[in-house]
Amino acid sequence: MNLTKQAQLLRPFFWSHQRYDLKLKLIAALGCLILAKASNLATPWLLGLLVDDLNGEAIIPTWVLGAIGLVVVYALSRLFALVFSELREVFFTHVSQHAIRLLTRQTFAHLHQLPLDFHLSRHTGSLDRLVDRGTKAIDFLLRYIVFNVGPTLIELGLVCIIVWSLFGGFYALIITATVLIYIILTLKMTSWRLRFRREMNSADNLVAGRMVDSFVNVENVRLFTNENYEIERLDRGLSEYERAANQSRLSLLYLNLSQTLIVLTGVTAVLIMAALNVESGVLTVGGFVTLNTYILQAFQPLNFLGSIYRQIRQSLIDMESLFDVLDEPVENDAIDATHEVTDSRISFNDVHFAYESDRPILQGVSFTVQPKQTVAIVGETGCGKTTIGKLLLKIIEPNQGSIQFGRHDLSQLKREAIRKAIGVVPQDTVLFNDTLGHNVRYGNVSATDDEVRAALRLAGMGEFLDQLASGLETEVGARGLKLSGGEKQRIAIARVILKNPPIVLLDEATSSLDVSTERQVQTNLEMLSSDRTTLVIAHRLSTIRYADLILVMHDGIISESGNFDDLLAANGRFKALWDMQQRASDLDGTDLADVVEDWKKN
Ligand SMILES: Nc1ncnc2c1ncn2[C@@H]1O[C@H](COP(=O)(O)OP(=O)(O)OP(=O)(O)O)[C@@H](O)[C@H]1O
Ligand SMILES: [Mg+2]
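Residues numbered from 1 in each chain as written. Chains lettered and ligands numbered in written order. Predicted model: local features only at pLDDT ≥ 70, side-chain atom pairs only at ≥ 80, totals over all residues.

Colleague: Sorry if this is basic, but what is going on with the overall build of the protein chain here?
Modeller: In terms of helices and strands, the protein chain carries 20 helices and ten strands. In terms of overall size, the protein chain is more extended than a compact globule, its C-alpha atoms giving a radius of gyration of 36 Å where 602 residues would be expected to give roughly 25 Å. Taken over the C-alpha atoms alone, the protein chain extends approximately 120 × 65 × 55 Å along its principal axes. A burial count over the protein chain gives 27% of its 602 residues as buried. (Helix = DSSP H or I, 4+ residues; strand = E, 2+ residues; numbered from the N terminus. Rg over C-alpha atoms; globule rule 2.2 N^0.38 Å. Buried ≥ 20, exposed ≤ 12 C-beta atoms within 10 Å, placed from the backbone.)

Spelled out as structure tokens, the structure:
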């Protein structure tokens, strides 16, 4: 994407027809910029007039002002220069902050429309840094190119013209040459210095990444007493940063020294010439002062040229990555897609699916769930049960075959409509780092506190809720880590109860519960699914006895199906799985001490 295209994309954020006030503010900011620069340019000239007036050799009549009047005007011009540049910043900040808000909002919305895969393949936290850096980069670029670099170059040009007209071309030539050498040297040396900067950045990212990872895994660190190992690992990154930072500072010394040498050479040349001219009477003392002030004033903004140039380059990269994300294609539904799922009959017809082309997961899955039926899917780990749920939710789409809700093919339904119709209790429940109430209310954001409490009770969390001093306001901690696995799962169930959808998908909904809680939640789930179409994914076969239909998955297809008793009688894979689980649960019942005793004897 080139710069003009990026500028076109950015325009609506800064120049919007709906916001005349912001347009006016942008114009006001430009006006203030011109006024500030004009005041700035007048200052040295006024100072020169003042010196000449005091010297009694005024060559330009100072009107009625006199020396005191000139002092006042001189002071005012300095004041105006400051006031107008401050006002310019204030006006522009209004415009740019609004643009940042719009852009961040739009990017956030865009990110939520991207396929799940996009998010899964990124590091946590990297997206938020990308958006933050990208929007700040755009602010920086506009602020500095429009209000700093551009005007400074124009000001330099004007200084040269003024000097030319007041004092002749020779002075102007020296100033121009000095400025050009200064700029070229600064750009070249800054490019050279970028190397150290890059080393610093990569060391910094390394340190930040290791720190985050270390704290995310804080439990692992404790369990394996690897604190020292972690500290050493972090310190290697820190020492890398230390070295690069020292080198970078040394290179800044070289840059600053060379810049100062160039400026001083230019200033000395101009002032020696001016001194000679004053002595020979060609130039007034006021002229000498004006020249000195102009040349110093011309170089002042150039001090920051190096760092601004570096930041502009960095900002262009940051902006580019933001636009790359905005360019990512979003998940699109067909234009004529239906907005509502009216029929809760679900059918899979010869569905094939593979995450990676060389490893097929589903190889021709077909089944039908009638409205209000409960259908269970069982099969060994990794056989594709959760994948069936994802296909149903249109998070992924089949490579071959079709999925239907009633008469509608999945491709004719809006994602939103499908997801509204299905309530999911996922295999792993991850919670927002917020209150218990917030997390449950996520199922229906307009639910009242009483409805939230009722849902929690139905999910078997009544007793738990009564024990909490702050009730629904209890914080659940990062990703819900302050709760037990079973508690998290019941929160997920409460959410679905609150959502009250016509179809429910339970992915191992009771796997983290102990036996007695499982029975209780099982009853609640049966109630939840009694008048809804239900798809249950289960490991523990005892929990799906009541299902109308059980599908046994093996090698990417449905290898057996029927109700619980039929499948046991068929004496196939299901029966084998069942027998195995029965034996395992018998083992659960043996005393642990006996097992340990046996182990010691052997
Ligand atoms: N996003 C993904 N990219 C690539 N492969 C994936 C992805 N998600 C799942 N898989 C693979 O697809 C296979 C099926 O995964 P799925 O989650 O459907 O299994 P499952 O039957 O639910 O297993 P479990 O009983 O352990 O929950 C697994 O081998 C898994 O490694
Ligand atoms: Mg699964």
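Colleague: What am I meant to see in helix α5 (residues 126-167) here?
Modeller: Residue pairs spaced three or four apart in an α-helix point in one direction, given the helix's 3.6 residues per turn. End to end, α5 covers 57 Å across 42 residues, agreeing with the expected 62 Å (1.5 Å per residue, within 8%). Residues of α5 that are buried include every one of Gly134, Thr135, Ala137, Ile138, Phe140, Leu141, Leu142, Pro151, Leu156, Val159, Val163 and Phe167, and no others. (Expected span 1.5 Å × (residues − 1).)

Colleague: Just checking my understanding: could you explain the site of ligand 1 for this structure?
Modeller: For ligand 1, the full set of nearby residues is Leu120, Tyr355, Glu356, Ile361, Thr381, Gly382, Cys383, Gly384, Lys385, Thr386, Thr387 and Gln427. At the level of elements, β1 (346-356) and α11 (385-392) are the ones that each hand at least two residues to the shell around ligand 1. Among the elements that make up the shell around ligand 1, the one with the highest residue count is α11 (three residues). Taken together, the residues that form the shell around ligand 1 break down as four nonpolar, six polar and two charged. (Near = placed C-beta within 6 Å. Nonpolar A, V, L, I, M, F, W, Y, C, P; charged D, E, K, R; others polar.)

Colleague: Would you mind showing me how to read the domain arrangement of the protein chain here?
Modeller: It is common to report an interface's size as the accessible area lost on association of the parts. When its domains are assigned, the protein chain resolves into domain 1 (3-327) and domain 2 (346-592). Put simply, the middle of domain 1 and the middle of domain 2, counted by C-alpha atoms, are 56 Å apart. (Domains from an automatic or database assignment.)

Colleague: How do you make sense of the sheet that holds strand β7 (residues 503-507) when you look at a structure like this?
Modeller: Each strand in a sheet pairs with another by means of backbone hydrogen bonds, the pair being arranged parallel or else antiparallel. On the basis of which strands lie adjacent, the open sheet formed by six strands has the order β6-β7-β8-β3-β9-β10 and mixed pairing. Looking at strand neighbours, the two that pair on one side only are β6 (422-425) and β10 (557-562), the edges of this open sheet. Geometrically, the sheet is characterised by an average inter-axis angle of 20 degrees between neighbouring strands, direction not taken into account. Across the sheet, α11 is in contact with β3 (374-378), β6, β7, β8 (533-537) and β9 (549-554); its angle to β7 comes to roughly 155 degrees. (Pairing = 2+ DSSP bridges. Axes fitted to C-alpha atoms, helices over the stretch in contact; angles between N-to-C directions. Contact = placed C-beta atoms within 7 Å.)

Colleague: Even after reading the chapter, I still don't get the sheet that holds strand β4 (residues 400-405), so can you show me in this structure?
Modeller: A sheet is described by the order of its strands in space; here four strands give the open sequence β2-β1-β4-β5, paired in antiparallel fashion. Each edge of the open sheet is held by one strand with a lone partner, namely β2 (359-369) and β5 (408-409).

Colleague: Just to check I follow, could you spell out the packing of helix α2 (residues 20-55) against helix α3 (residues 66-113) for this structure?
Modeller: Packed helix pairs are characterised by how far apart their axes lie and by the angle those axes make with each other. Interhelical geometry of α2 versus α3 gives an angle of 160 degrees and a closest axis separation of 7 Å. By the angle between their axes, α2 is roughly antiparallel relative to α3. Classified by chirality, the crossing of α3 by α2 is left-handed. Of the residues belonging to the contact of α2 with α3, the class tally is 26 nonpolar, seven polar and four charged. (Parallel < 35°, antiparallel > 145°, perpendicular 65-115°, else oblique. Left-handed = near helix turned anticlockwise from the far one by under 90°.)

Colleague: Just checking my understanding: could you explain the pairing of β3 for this structure?
Modeller: Residues in a regular strand project their side chains so that they alternate between the two faces of the sheet. Counting buried residues in β3 gives five out of five residues, a clear majority hidden from the surface. Judged from the four bridges that link them, β3 and β8 form a sheet pairing that is parallel. Bridged to Thr374 within β8 is Thr534. Bridge analysis of β3 against β9 gives four bridges, and the strand direction is parallel.

Colleague: Sorry if this is basic, but what is going on with the nonpolar core here?
Modeller: Nonpolar side chains in soluble globular proteins tend to end up buried together. Among the nonpolar cores identified, the biggest contains 64 residues, and Ala376, Ala494 and Ile550 are the most heavily contacted of them. Examining the composition of this core, we find that seven residues originate from one element, helix α16 (residues 485-499), more than from any other. The contacts of Ala376, once residues within four sequence positions are left out, are Val536, Ala538, Ile544, Ala547, Ile550 and Leu551. (Core = buried A, V, L, I, M, F, W, Y, C linked by C-beta atoms within 7 Å.)

Colleague: Even after reading the chapter, I still don't get the confidence of the model for the protein chain, so can you show me in this structure?
Modeller: Any segment with low pLDDT has predicted coordinates that should not be analysed in fine detail. For the protein chain, mean pLDDT is 85; residues scoring 70 or higher make up 94% of the total. Averaged pLDDT values for the elements of the protein chain fall to 62 in helix α20 (residues 592-601) and rise to 93 in β1. (pLDDT = per-residue confidence, 0-100.)

Colleague: What exactly am I supposed to notice about the pairing of β4 here?
Modeller: Summarising the sheet, β1 and β4 pair through five bridges and their orientation is antiparallel. Bridging from a neighbouring strand, Ser347 pairs with Gln404 of β4. In the sheet, β4 pairs with β5 via two bridges, with the strands oriented antiparallel. Residue pairing across strands places Phe405 opposite His408, the latter belonging to β5.

Colleague: Help me understand unusual backbone geometry in this model?
Modeller: Backbone geometry follows two general trends: most residues other than glycine have a negative phi, and most peptide bonds adopt the trans configuration. Of note, Thr225 is a non-glycine position whose phi angle comes to about 40 degrees, a positive value. Here Thr225 shows up in the loop between α7 (218-223) and α8 (227-279).

Colleague: Where do I start with the packing of α5 against helix α10 (residues 305-327) in this structure?
Modeller: Where α5 contacts α10, the axes come no closer than 8 Å and their chain directions differ by 135 degrees. Here α5 lies oblique to α10, going by the angle between them. Judged by the sense of rotation from one axis to the other, the crossing of α5 with α10 is left-handed. Only Ile308, Gln311, Ile312, Ser315, Asp318, Met319, Ser321, Leu322 and Val325 of α10 make contact with α5, whose side of the interface consists of Leu130, Val131, Arg133, Gly134, Ala137, Ile138, Phe140, Leu141, Tyr144, Asn148 and Val149. The residue inventory of the contact of α5 with α10, partitioned by class, reads 13 nonpolar, five polar and two charged.

Colleague: When you look at helix α6 (residues 169-216) in this model, what are you seeing that I'm missing?
Modeller: Over its 48 residues, α6 runs 67 Å from end to end, which matches the ideal 70 Å to within 8%, given 1.5 Å per residue. Approximately 30 degrees is the largest bend angle found in α6, and it occurs at Trp192. Turning to α6, the residues buried within the fold contact α5, α8, α9 (285-299) and α10. (Bend = angle between axes of the 7 residues up to and from the residue.)

Colleague: Looking at this structure, how should I read the environment of Glu279?
Modeller: Following the sequence through the fold, Glu279 ends up in helix α8. When the C-alpha positions of Glu279 and Trp192 are compared, they lie 44 Å apart, and in sequence the two are 87 residues distant.

Colleague: What should I look at first to understand the environment of Gly486 in this one?
Modeller: If you trace the backbone, Gly486 turns up in helix α16. Judged by the 19 C-beta atoms lying within 10 Å of it, Gly486 falls in the partly exposed class. In the structure, Gly486 is positioned 32 residues away from Glu518 in sequence and 9.2 Å away in space, judged by C-alpha atoms.

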